[in-house]
Amino acid sequence: MYTLLNGFYKYLTQKDEYCVVILGLDNAGKTTYLEAAKTKFTKNYKGGQQELQSLWDKYYQESHAVIYVIDSNDRERMEESKVIFDKMIKNDLLSGVPLLILANKQDLPDVMGVREIKPVFQQSGTLIGRRDCLTIPVSALTGEGIDEGIKWLVEAIKRHSIVRPPRVND
């Protein structure tokens with residue numbers, strides 16, 4: 001009887017679990033963005049280099065969304081970021097998953113804005129396809145844009161959960 005009640009309790013109180021992969025070139029601000037997001041959404045929280053890019057494929061199968069971080073201040077590597085983005089977005093394991101593109105480091109002077117960055121990545125429109133996709137300006141350092149991006153991503157993941165259901169947390 002206990003097993004039945006325990007199982008029923010777990011079923012009623014279970015929470016869906018979603019996985020999001022954060023990608024981008026080294027020094028784009030991925031870790032800073034993650035830390036800023038954690039402080040916004042986790043009470044009392046404290047606290048891609050090139051050689052790691054080969055590991056990205058390992059995370060794709062379980063991912064419910066992708067956050068791709070772009071260093072808006074690094075004009076010289078924008079094309080390199082686009083090449084890596086195209087390689088990532090072509091992967092069949094990410095087919096249709098929502099995509100949040102972050103034009104990071106907007107707190108710095110003379111950075112590329114979304115109007116400059118978006119056309120570069122829109123060249124990949126056929127690869128992006130009909131998936132939910134949003135490009136927004138953020139500053140992971142100051143926290144600007146983090147709320148907007150996370151809220152949009154949560155809604156996009158929910159809309160997509162029929163195609164890629166959440167993991168059930170036991």
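It should be emphasised that the depicted structure is a prediction, and the values quoted were computed from it without experimental measurement.

**Topic: the sheet that holds strand β4 (residues 99-104)**
The four strands lie next to each other as β2-β3-β4-β5, forming an open sheet whose pairing is parallel. Strands with a single pairing partner mark the edges of an open sheet, and in this sheet they are β2 (20-24) and β5 (133-137). Strand-to-strand, the axes of this sheet are offset by a mean angle of 20°, without reference to chain direction. With five bridges joining them, β4 and β5 adopt parallel strand pairing. Along β5, the bridge assignment pairs Leu102 with Ile136.

**Some remarks on empty space enclosed by the protein**
When its volume is computed, the largest cavity comes out at roughly 70 Å³. Leu25, Asp26, Ala28, Val69, Ile70, Asp71, Asp74, Arg77, Met78 and Ser81 together form the lining of the largest cavity. When contributions to the lining of the largest cavity are tallied by element, the ones reaching two or more residues are β3 (65-71) and α4 (78-89). Broken down by element, the lining of the largest cavity gets its largest block of residues, three residues, from β3. Tallied by class, residues from the lining of the largest cavity come to five nonpolar, one polar and four charged.

**Digging into the UniProt feature "binding site: Mg(2+)" (unreviewed entry) in the protein chain**
The residues that UniProt annotates with the feature "binding site: Mg(2+)" (unreviewed entry) are Thr31. Structurally, Thr31 can be placed in helix α2 (residues 30-41). Judged by its relative accessible area of 55%, Thr31 is exposed.

**What to know about α2**
An ideal rise of 1.5 Å per residue puts 16 Å on twelve residues; α2 measures up with 16 Å between its terminal C-alpha atoms. Turning to α2, its buried residues number three or more, namely Lys30, Tyr33, Ala36 and Ala37. The buried side chains of α2 occupy one side of the element, clustering within an arc of 130° when seen end-on. Against β2, β3, β4 and α7 (146-160) lie the buried residues of α2.

**What about the layout of surface pockets?**
In this approach the atoms are scanned with a rolling probe the size of a water molecule, which exposes any empty space left behind. Volume-wise, the largest pocket comes out at about 470 Å³. Taken together, 16 residues line the largest pocket, and the ones lying closest to its centre are Tyr18, Val20, Ile150, Leu153 and Val154. Among the elements of the structure, β2, α2 and α7 are those that each provide at least two residues to the lining of the largest pocket.

Parameters at a glance
Residues numbered from 1 in each chain as written. Predicted model: local features only at pLDDT ≥ 70, side-chain atom pairs only at ≥ 80, totals over all residues. Heavy atoms only, no water. Pairing = 2+ DSSP bridges. Helix = DSSP H or I, 4+ residues; strand = E, 2+ residues; numbered from the N terminus. Axes fitted to C-alpha atoms, helices over the stretch in contact; angles between N-to-C directions. 1 Å grid on protein atoms, 1.4 Å probe; cavity = no way out; pocket = protein on both sides within 12 Å on 5 of 7 lines; lining within 4 Å. Points joined across faces, edges and corners; volume = space filled by probe spheres on them. Nonpolar A, V, L, I, M, F, W, Y, C, P; charged D, E, K, R; others polar. UniProt positions renumbered as here; feature names shortened; annotations may be inferred. Buried < 20%, exposed > 50% of the residue type's maximum accessible area, 1.4 Å probe, protein only. Expected span 1.5 Å × (residues − 1). Arc of directions from axis to C-beta. Contact = heavy atoms within 4.5 Å.

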